[in-house]
Amino acid sequence: MAFPSKTVTGDIVPLNRSEHGYAAIEGLAGTMVQPYLMRLSRPVSVERVRRTLRELVNAYPKLRAALEPGLHRYHLRILPDGPLIDQLFEQAFRVDEHVDIDDPLALEAWHRDRVHDVLPLERGLGFRARFVPHPERPALCFGVPHLLADGMTMLQLVRQILRGLNGQPLEPMPLEAPSMIGSIAPLRGWQWPRQVLRSRRHKLDEARRLAGLHIQQLPTQLAAHFSTTGLRHHDVPTPTADLRRAARQLGVSLNTFLVAGLAQTFLDQAPDDPLAAAVIRISVNLRKYHPEAAGHGPLWGNHVGAFLVIEQGARKPLSERVKSIDESIREGQARYARREMCWTYLIEEALPWLGRTLIGHVGIQLKRKGRFPVISCHATSLGDAGHVNAADAEVRAVQLVPSVNSISPLPVLVEMDGRLSLPMSWQLGETPVAAVDDFHRRFDATLARMVAEVLPSVAVA
């Protein structure tokens, strides 16, 4: 069926519903920069890094876009390459030679500062980069506003940077701006009423269930205003190979196994409360739900949805826990495949027409009244990020730590060279660092117990 579409017209790129939301909360919750921290396998010159990043600005035109108001809605205007871009690039790229990146706490503090970099979206350029030279393992922190890129796009940008650092040409990243409604619209027009009713029924049932639960969270004292963002790096001590073996033994994916670990860690906070629940928001890549007939390309930009995993029973056996989590994740994904997620998203499609001011006002009121949805955390996964390195690359990323501002605690599951990390960002004014450190310790212990139960030969650390 045909559905509303948006196309790039000349140098103007329309925003989708998600990107309008980022434009509206810009400044309220801080600049939503996603700084991806990379440690490299060998030294590279400052000039090579500079040249690669400058080439990247042409490979992905959104990096030289400015957020611009139209008559009724905002859009992006791609700035022409030339002296202006050269000037803005000098502001976007910096070399930091004073940071002791071999000190984990100093590296984390430097990365946290990058989360708080201010980037004037209505002027451009759409990135910030800091480079720290090092005789063995230099560090590059490359950040792009969420308005311009989601996690999948960020990984592609990292892959292009690594191509450039290895002397390979960068691959063009085409501009596309289809409406996100294509990923949730029924395949036939006559199916709309049925699918909308099914989607609405699900949301109402979910709301009724949540209303009767005691949702477990990190120790949180809600504030009336957004705060700075806390950031903690964290490497899970249990080897990823053992985690993956345990997951396969239980018949689930590694991601499901890890989400089960997160849920169990929250539920352990209230072992005797039958109404205790871990509510975990799971990100979904919407690209695969666009019909093939639409003829879209890779869709670099923002194409992310989400659903909730609601888990109860602190003393549920491990086999039942992972089965329950697996069923919840499969059902959440199946609702997208069955086109039964359109109710909420149709409402969101209308929000951009309210205007940036009104959307921002609603955001402020929700924050002041503590009305944002209550969840345990928003978990997202980049999976095994080793694919950013070409098989024959000399300069490789040996560490990759993603981050972004977040209203709710945001753990990011990412694997690199057999190591699993779980960096977390959160509202620092609402939850102390010690509480996040405690959660990381308990999560590590939970995973170790889960692995030891499935693989008795693996010693618990």
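Refer to the preceding data block for the structure.
The structure presented is a predicted model; accordingly, all values stated were derived computationally and were not measured. (Residues numbered from 1 in each chain as written. Predicted model: local features only at pLDDT ≥ 70, side-chain atom pairs only at ≥ 80, totals over all residues. Heavy atoms only, no water.)

> What should I look at first to understand the overall build of the protein chain in this one?
Helices and strands together make up the secondary structure of the protein chain, namely 12 helices and 16 strands. Computed over C-alpha atoms, the radius of gyration of the protein chain comes to 22 Å, within 12% of the 23 Å expected from 2.2 N^0.38 for 461 residues, which places it in the range of a compact globule. Seen along its three principal axes, the alpha-carbon backbone of the protein chain occupies a region of about 65 × 60 × 45 Å. Within the protein chain, the fraction of its 461 residues that count as buried is 55%. In the protein chain, 76% of the contacts between residues at least 6 apart in sequence involve partners at least 24 apart. In the form shown here, the protein chain has an accessible surface area of approximately 20000 Å², with 55% of it arising from carbon and sulfur atoms. (Helix = DSSP H or I, 4+ residues; strand = E, 2+ residues; numbered from the N terminus. Rg over C-alpha atoms; globule rule 2.2 N^0.38 Å. Buried < 20%, exposed > 50% of the residue type's maximum accessible area, 1.4 Å probe, protein only. Contact = heavy atoms within 4.5 Å. Areas by Shrake-Rupley, 256 points an atom, 1.4 Å probe, with all protein chains shown as cover.)

> How should I be thinking about the packing of aromatic side chains in this particular structure?
Here a ring pair, both rings aromatic, is described through the centre-centre distance and the interplanar angle of the planes. For the coordinates displayed, the defined rule picks out eight aromatic pairs. Relative to phenylalanine 439, the ring of phenylalanine 266 has its centre 4.7 Å away and its plane inclined at 40 degrees; by these criteria the two rings are tilted. Linking phenylalanine 266 in helix H8 (residues 254-267) with phenylalanine 439 in helix H12 (residues 433-454), this pair joins segments that are 173 residues apart in sequence. Assessed through its relative accessible area of 0%, phenylalanine 439 is described here as buried. Here the aromatic residues Phe89, Phe93, Phe127 and Phe142 are joined through ring pairs into a cluster of three or more. When the ring centre of tryptophan 353 is taken as reference, the NZ or CZ atom of arginine 73 above it lies at 4.4 Å. Its guanidinium or amino end placed over the ring of tryptophan 343, arginine 200 lies 5.4 Å from that ring's centre, counting from NZ or CZ. (Phe/Tyr/Trp six-rings, centres within 6.5 Å; stacked < 30°, edge-to-face > 60°. Lys NZ or Arg CZ within 6 Å of the ring centre and 35° of its normal.)

> Any chance you could explain the packing of helix H7 (residues 240-250) against H12 here in plain terms?
For any two helices packed against each other, the geometry is given by the interaxial angle and the distance between the axes. Running from N to C, H7 and H12 point in directions that differ by 55 degrees, and their axes come no closer than 9 Å. Considering the angle they form, H7 stands oblique to H12. The two elements H7 and H12 meet at a crossing, and its hand is left-handed. Between H7, through Asp242, Leu243, Ala246, Gln249 and Leu250, and H12, the contact on the second element is made entirely by Leu447, Val451 and Val454. Residues of the contact of H7 with H12, tallied by class, amount to six nonpolar, one polar and one charged. (Axes fitted to C-alpha atoms, helices over the stretch in contact; angles between N-to-C directions. Parallel < 35°, antiparallel > 145°, perpendicular 65-115°, else oblique. Left-handed = near helix turned anticlockwise from the far one by under 90°. Nonpolar A, V, L, I, M, F, W, Y, C, P; charged D, E, K, R; others polar.)

> Would you take a moment to explain the pairing of strand E6 (residues 128-132) for this structure?
Regular strands have side chains that alternate between both faces of the sheet. By the criterion of burial, E6 is predominantly enclosed, with four of the five residues buried. Between the parallel elements strand E5 (residues 93-95) and E6, the chain passes through helix H4 (residues 104-115) in a crossover that is right-handed. Where E6 lies against strand E7 (residues 139-145), five bridges are found, and the strand directions are antiparallel. Paired with alanine 129 across the strands is phenylalanine 142, a residue of E7. What sits between E6 and E7 in their antiparallel hairpin is a turn of six residues. (Right-handed = clockwise from strand over helix to strand, strands pointing away. Pairing = 2+ DSSP bridges.)

> Is there a simple way to think about the side chain of histidine 75 in this case?
Among the structural elements, histidine 75 can be located in strand E4 (residues 74-78). In terms of polar contacts, histidine 75 uses its side chain to reach the side chain of glutamate 68, at 2.7 Å. Those residues in contact with histidine 75, other than ones at most four positions away along the chain, are Ile12, Val13, Pro14, Leu15, Ala66, Leu67, Glu68, Pro69 and Gly70. (Polar contact = N/O pair within 3.5 Å; in protein donor to acceptor, adjacent residues only side chain to side chain.)

> Would you mind going over the sheet that holds strand E13 (residues 397-401) with me for this structure?
Neighbouring strands of a sheet are bound in pairs by backbone hydrogen bonds; such pairs are parallel or else antiparallel. Ordered in space as E5-E6-E7-E2-E13, the five strands form an open sheet in which the pairing is mixed. Each edge of the sheet is formed by a strand with only one pairing partner; in this case those strands are E5 and E13. Along the sheet, successive strands turn relative to each other by an average axial angle of 15 degrees, direction set aside. Against the sheet, helix H2 (residues 46-59) engages E5, E6 and E7, with an angle of about 165 degrees to E5.

> Would you mind showing me how to read the packing of H8 against H12 here?
Direction vectors running N to C along H8 and H12 enclose 120 degrees, while the axes themselves pass 9 Å from each other. Our classification of the angle between H8 and H12 gives oblique. Here the hand of the crossing between H8 and H12 comes out right-handed. On the side of H8, the interface is formed by Phe257, Leu258, Ala260, Gly261, Leu262, Gln264, Thr265 and Phe266, while H12 contributes Phe439, Arg442, Phe443, Thr446, Leu447, Met450 and Val451. Of the residues that constitute the contact of H8 with H12, the class distribution is 10 nonpolar, four polar and one charged.

> Explain the sheet that holds strand E3 (residues 65-69) to me, please; I cannot follow it from the model alone.
Taken together, three strands build an open sheet; the order of strands is E1-E4-E3 and the sheet is antiparallel. Either end of the sheet is taken by a strand with one partner, and the two such strands are strand E1 (12-14) and E3. The mean inter-strand angle of the sheet, taken between neighbouring strand axes irrespective of direction, is 35 degrees. Pairing of E3 with E4, which is carried by five bridges, proceeds in the antiparallel orientation. Considered in E4, the bridge of alanine 66 is made with arginine 77.

> Even after reading the chapter, I still don't get the nonpolar core, so can you show me in this structure?
In terms of nonpolar packing, the biggest core is built from 63 residues, with Phe127, Phe142, Val144, Leu147 and Leu157 touching the most fellow members. Leu218, Ile282, Cys342 and Leu447 belong to the second largest nonpolar core, which has 56 residues in total. (Core = buried A, V, L, I, M, F, W, Y, C linked by side-chain atoms within 4.5 Å.)

> How do you make sense of the environment of proline 352 when you look at a structure like this?
Tracing the backbone through its elements, the reader meets proline 352 in the loop between helix H10 (342-350) and helix H11 (356-368). Proline 352 sits 200 residues away from methionine 152 along the chain, and the two C-alpha atoms are 24 Å apart. Sequence-distant contacts of proline 352, defined by excluding residues within four places in its chain, comprise Arg17, His20, Arg73 and Ile359.

> Please explain unusual backbone geometry as it appears in this structure.
Trans peptide bonds make up most of the peptide bonds, and negative phi angles are found at most residues other than glycine. Between glycine 124 and leucine 125 the backbone carries a cis peptide bond, its omega angle lying at -10 degrees. By the element assignment, leucine 125 lies in the loop between H4 and E6. Positioned with a positive phi, leucine 299 is a non-glycine residue whose angle comes to about 55 degrees. Considering the arrangement of structural elements, one finds leucine 299 in the loop between strand E10 (276-285) and strand E11 (304-312). The class of leucine 299 is buried, set by a relative accessible area of 1%. One non-glycine residue, arginine 339, adopts positive backbone phi at about 60 degrees. Within the secondary structure, arginine 339 is located in the loop between helix H9 (318-337) and H10.

Note that all results are geometric; they support no functional claim without further evidence.
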